[in-house]
Amino acid sequence: MNAAPLVALVGNPNAGKSALFNALTGARQKVGNYPGVTVERHSGRLVLDDGRPVELVDLPGAYSLDPGSLDEQVTRNVVMGSQAGERRPDALVVVVDAANLDNHLRFTLQLIALGLPVVVALNMVDLAERDGLTLDADILARELGVTVIPTVAVRRRGLDALKAEIDRLVAQERAQAVASADQIDDIVTLQRRARRIASAATVAETPTRRWTHLFDSVALHPIVGPILLIALLFIMFQAVFAWSQTPVEWIEDGFKWLEIQAGLLLPEGWFRSLITDGLIAGVGAVIVFLPLILILFLFILVLEATGYMVRAAFLMDRLMAQVGLSGRAFIPLLSSFACAVPGIMATRTIDDEKDRLTTILIAPLMTCSARLPVYTIIISAFIPDRQVLPFVGLQGLVLLGLYLMGIVGAFVAALLLRRTVTKGASSGFMMEMPKYQWPHIRDVLLGLWSRALIFLKRAGTTIALTTVILWALLSFPKPPEGSGISPVDYSIAGRIASGIEVVVRPIGFNRDIALALVPAMAAREVAVAAIGTVYAIDDTEHEGGQKAMTDKLKRNWSLPTALAFLMWFVFAPQCISTIAVTRRETNGWKWPAFMVGYLFVTAYVMAGITYWLAVFAGL
Amino acid sequence: MAMLSSLETLPRRQPATVAAIDWAQLALPEARRLRELGFDEGVGVEVLHRATLGSGPIACRIGRMTVALRRRVAASIRVAPGA
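The shown structure was predicted, so the numbers you read here are calculated from the model rather than taken from an experiment.

Trainee: Honestly, the overall build of chain A in this entry has me stumped. Any pointers?
Mentor: Broken down by element type, chain A carries 26 helices and 12 strands. Against the globule reference of 25 Å for 619 residues, chain A gives a C-alpha radius of gyration of 28 Å, in line with a compact fold. Counting only C-alpha atoms and orienting by the principal axes, one finds that chain A spans roughly 90 × 60 × 40 Å. Scored against the burial criterion, the 619 residues of chain A give a buried share of 45%.

Set out below in structure tokens:
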């Protein structure tokens, strides 16, 4: 035993576990994954008073040891000592919400029965007091038979006492054999015991949660509630695009500078081309989305931390039920507007397997931020900049139409999927609605930081690798000197494009598009750069470059072709990262293969319909 | 017993007590989650909000917790008036 002792934080959802974890470990945390499942493993280092380190792991919130969701499964396996890649914890810190004792104590009783050393953190005692609830921690400790420490994680109250108790627990020899799950009493018996203990420990009680009820009477109002939700979403999308402009420009300038510097440093040749055209341009094209993603996540994290997100799910449940989903699917789908990858990862909280699978399969239909550069350039080239109504331009209207197309497509897809491949009893919607809370800047920032790290790591590995491969496909083999064949045409990618062209010709696509579709598999926005390369315009960012590109597009593409191209991008599953994360989340190739298949077929059919309708309409 | 109403039809803001739960009406995972959220005979319950008119979910207080559930599930929970 030379490794630092492992202590797990465990408790119900909404017990304030993560806040306590952040308060105990500060910035010394690591986000990883449990092997085989994509549940995140949050761990951090806690230094005891005598300097000895303890590894603290924050387990996903669970209601009991009888797992409903993937997250809960991991929690159960870790405390039972059967999670692959994780040691059995040496002690547990059970976090309970002081204002919700009767419910949270049931899980506590289950955990205590396991026989591991336990300390109970009676968290958020300040809020409970404000709520008119006075508790006696000593009575609670006596009833439970373990130490109980009142804490307020966000104000760092009780942390020293908690650390001292952790110290005492990990120093103990582990004596008793550990109970197995089936020796533990059934849930009803435990629940009744929990209620009895909670009422014994409650000194005074007044009706609950005045503020939360007040807010809810607005947020959940049958008429005002939905209006508020739409307004919030509107502000969110406005902010994502408005606030991100400046940082996006900085990043673009930074990468351009890097490209120039690398160009100056490296000798002319294939290696310079690999570094500048391949690596820097490719990775840069993806990293520019970091500001958009962070702003969107900022909103999502704040909405989650305040407790509003569950209210949004509540309001959306009826609509989602129409297509066989539940309100819970709303949260991952909302995230997918930034990027389908975190959206698909967020489906883990959905209990029902079929429900979760359906949500994963439709997530790519939410218009992610990577489609925006493609939409923007085609719209500015082909859609006249005309006012249809005061303040409503035709270009903006078309853009909105493309977003709506994706949403409608997703709903239709969900409806069909739920009747065929993901058929099953209509899943339920049952969710605890936590009290409203003021979000803590520190917790939100830590959340954002871990998102940024995940994204940058991905850009540095998967995306860097794919862009290098694509660069190679576009650059080799070189045409013979003086043959007059363009290098792109002669390259492997060019030859692949010739094959694709045969297939996409019937839906109005030309060779340039066929060529752009290959690199767009890595990241959709690369399509713009690829078309630019085909037209030998090396820089689409400059005013002149952009203008030249739209002129070339207008000359080479008909309007029906352009419209078909836009429609293609609404549906096409064009992004390797999405396919990869789907494979990880569904444990195999079956579902990503199905997703790619159904989305390509839909994209092909929809683009074809658009093209031929436009041709017959004489556009 | 026949006079008991269900949580689905219980008027808003009228404290009641869970009298019985028709577990047979519920799917297994649903029943488990309902128990975990604290639904049990003898527990105080109150309807707080109903989503859009018609078929949306309802939000209710159970013990000290607020829980959202669908009407079909609420219909299987029999309640007696009074806390």
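Trainee: Any chance you could explain helix H10 (residues 270–287) of chain A here in plain terms?
Mentor: At 3.6 residues per turn, the α-helix brings residues three or four places apart onto the same side. All names here are of chain A. Taking 1.5 Å per residue, 18 residues should reach 26 Å; H10 reaches 24 Å between its end C-alpha atoms and fits that length. Remark: the principal bend of H10, roughly 25°, maps to Ala 281. Of the residues making up H10, those classed as buried are Gly 278, Ile 280, Gly 282, Ala 285 and Val 286.

Trainee: I'm lost on the packing of helix H9 (residues 224–265) of chain A against helix H11 (residues 290–306) of chain A in this one. Help?
Mentor: Each pair of packed helices can be summarised by the angle the axes make with each other and by the distance between the axes. Residues and elements named next belong to chain A. One can describe the packing of H9 onto H11 by two numbers: an axis separation of 7 Å at closest approach and a directional angle of 145°. Of the two elements, H9 crosses H11, and the hand of that crossing is right-handed. Facing H9, whose interface residues are Met 236, Ala 239, Val 240, Trp 243, Ser 244, Pro 247, Val 248 and Ile 251, H11 presents Leu 290, Pro 291, Leu 292, Ile 295, Leu 296 and Phe 299. Its residues assigned to classes, the contact of H9 with H11 shows 13 nonpolar, one polar and no charged.

Trainee: So what exactly am I meant to see when it comes to the pairing of strand S4 (residues 53–58) of chain A here?
Mentor: In regular strands, side chains alternate between the two faces of the sheet. Residue and element names in this part refer to chain A. Pairing geometry for strand S1 (residues 6–11) and S4, over four bridges, is parallel. In the sheet register, Ala 8 faces S4, and the bridge partner there is Val 57. Strand direction decides the pairing type here: strand S3 (residues 40–47) and S4, joined by six bridges, are antiparallel. By the bridge assignment, Gly 44 is partnered in S4 with Leu 56. Linking S3 to S4, which pair antiparallel, is a turn of five residues; within it Gly 51 sits at a positive phi near 95°.

Trainee: Help me understand unusual backbone geometry, please; the structure alone is not making it clear to me.
Mentor: Glycine aside, residues mostly have negative phi, and peptide bonds are mostly found in the trans state. One non-glycine residue, Asn587(A), adopts positive backbone phi at about 55°. For Asn587(A), the location among the structural elements is in the loop between helix H25 (576–586) and helix H26 (590–616).

Trainee: Please explain the confidence of the model for chain A as it appears in this structure.
Mentor: Residue and element names in this part refer to chain A. For chain A, per-residue confidence averages 84 on the pLDDT scale, and 92% of positions sit at 70 or higher. For chain A, per-element mean pLDDT is lowest for helix H22 (residues 526–534), which scores 68, and highest for H26, which scores 95. Under a pLDDT of 50 for its full length, residues 536–544 has, in the predicted model, 12 contacts with residues more than four places off or in other chains.

Trainee: How do you make sense of the sheet that holds strand S2 (residues 16–21) of chain B when you look at a structure like this?
Mentor: Backbone hydrogen bonds hold the strands of a sheet together, and the pairing may be parallel or antiparallel. If you walk across this open sheet you meet the seven strands as S12(A)-S5(B)-S4(B)-S3(B)-S2(B)-S6(B)-S1(B), and the pairing is antiparallel. Each edge of the sheet is formed by a strand with only one pairing partner; in this case those strands are strand S12 (430–432) of chain A together with strand S1 (5–6) of chain B. Note that strand S3 (residues 44–50) of chain B and strand S4 (residues 58–62) of chain B share five bridges and pair antiparallel. When the bridges of S4(B) are listed, His49(B) appears paired with Ala59(B).

Trainee: What is the right way to look at the domain arrangement of chain A in this model?
Mentor: In many analyses, interface size is given as the accessible surface area lost on bringing the parts together. Residues and elements named next belong to chain A. Structurally, chain A comprises domain 1 (6–208), domain 2 (224–369 + 384–424) and domain 3 (458–616). A straight line from the C-alpha centre of domain 2 to that of domain 3 covers 20 Å. Counting residues at the interface gives 26 residues for domain 2, matched by 25 residues for domain 3. Secondary-structure elements contributing two or more residues to the side of domain 2 that touches domain 3 are H10, helix H14 (340–345), helix H15 (353–362) and helix H17 (394–419).

Trainee: Sorry, what's going on with the environment of Arg311(A) here?
Mentor: Residue and element names in this part refer to chain A. With respect to the helices and strands, the residue Arg 311 is situated in helix H12 (residues 308–322). Judged by the 28 C-beta atoms lying within 10 Å of it, Arg 311 falls in the buried class. In sequence terms Arg 311 and Ser 273 are 38 residues apart; their C-alpha atoms lie 51 Å from each other. Among all residues touching Arg 311, those that are not within four sequence positions of it are Ala 219, Leu 220 and Met 433.

Trainee: Looking at this structure, I do not really get the interface of chain A and chain B. What am I missing?
Mentor: With 28 residues of chain A at the contact, the number on the chain B side is 29 residues. Of all elements in the fold, only helix H3 (101–113), helix H7 (187–201), helix H8 (210–219), H12 and S12 of chain A reach the threshold of two or more residues within the side of chain A that touches chain B. The element that contributes the greatest number of residues to the side of chain A that touches chain B is H12(A), accounting for four residues. A class-by-class count of the residues in the side of chain A that touches chain B yields 13 nonpolar, eight polar and seven charged.

Trainee: Any chance you could explain the environment of Val73(B) here in plain terms?
Mentor: Within the secondary structure, Val73(B) is located in helix H2 (residues 71–75). As a C-alpha pair, Val73(B) and Ile21(B) span 52 residues in sequence and 9.7 Å in three-dimensional space. Those residues in contact with Val73(B), other than ones at most four positions away along the chain, are Gly428(A), Met430(A), Leu26(B), Glu30(B) and Leu34(B).

Trainee: What is the right way to look at the pairing of strand S5 (residues 65–69) of chain B in this model?
Mentor: Here S5(B) lies mainly inside the structure; five of its five residues are buried. Along S5(B), one buried face is formed by Met65(B), Val67(B) and Leu69(B) and the opposite face, lined by Thr66(B) and Ala68(B), is buried too. With three bridges connecting them, S12(A) and S5(B) associate as antiparallel partners. The residue bridging Glu432(A) from the neighbouring strand is Val67(B), located in S5(B). As defined by bridge partners, S4(B) adjoins S5(B) across five bridges and the pair is classed as antiparallel. Its bridge partner being in S5(B), Arg61(B) is matched across the sheet by Thr66(B).

Trainee: Mind showing me how you'd approach H15(A) here?
Mentor: Residues and elements named next belong to chain A. The buried count for H15 comes to eight of 10 residues, which makes it a mostly enclosed element. By the burial criterion, the buried members of H15 are Asp 355, Arg 356, Leu 357, Thr 358, Thr 359, Ile 360, Leu 361 and Ile 362. Contacts made by the buried residues of H15 are with helix H13 (330–335), H14, H17, H25 and H26.

Cut-offs and rules
- Residues numbered from 1 in each chain as written.
- Chains lettered and ligands numbered in written order.
- Predicted model: local features only at pLDDT ≥ 70, side-chain atom pairs only at ≥ 80, totals over all residues.
- Helix = DSSP H or I, 4+ residues; strand = E, 2+ residues; numbered from the N terminus.
- Rg over C-alpha atoms; globule rule 2.2 N^0.38 Å.
- Buried ≥ 20, exposed ≤ 12 C-beta atoms within 10 Å, placed from the backbone.
- Expected span 1.5 Å × (residues − 1).
- Bend = angle between axes of the 7 residues up to and from the residue.
- Axes fitted to C-alpha atoms, helices over the stretch in contact; angles between N-to-C directions.
- Left-handed = near helix turned anticlockwise from the far one by under 90°.
- Contact = placed C-beta atoms within 7 Å.
- Nonpolar A, V, L, I, M, F, W, Y, C, P; charged D, E, K, R; others polar.
- Pairing = 2+ DSSP bridges.
- pLDDT = per-residue confidence, 0-100.
- Domains from an automatic or database assignment.

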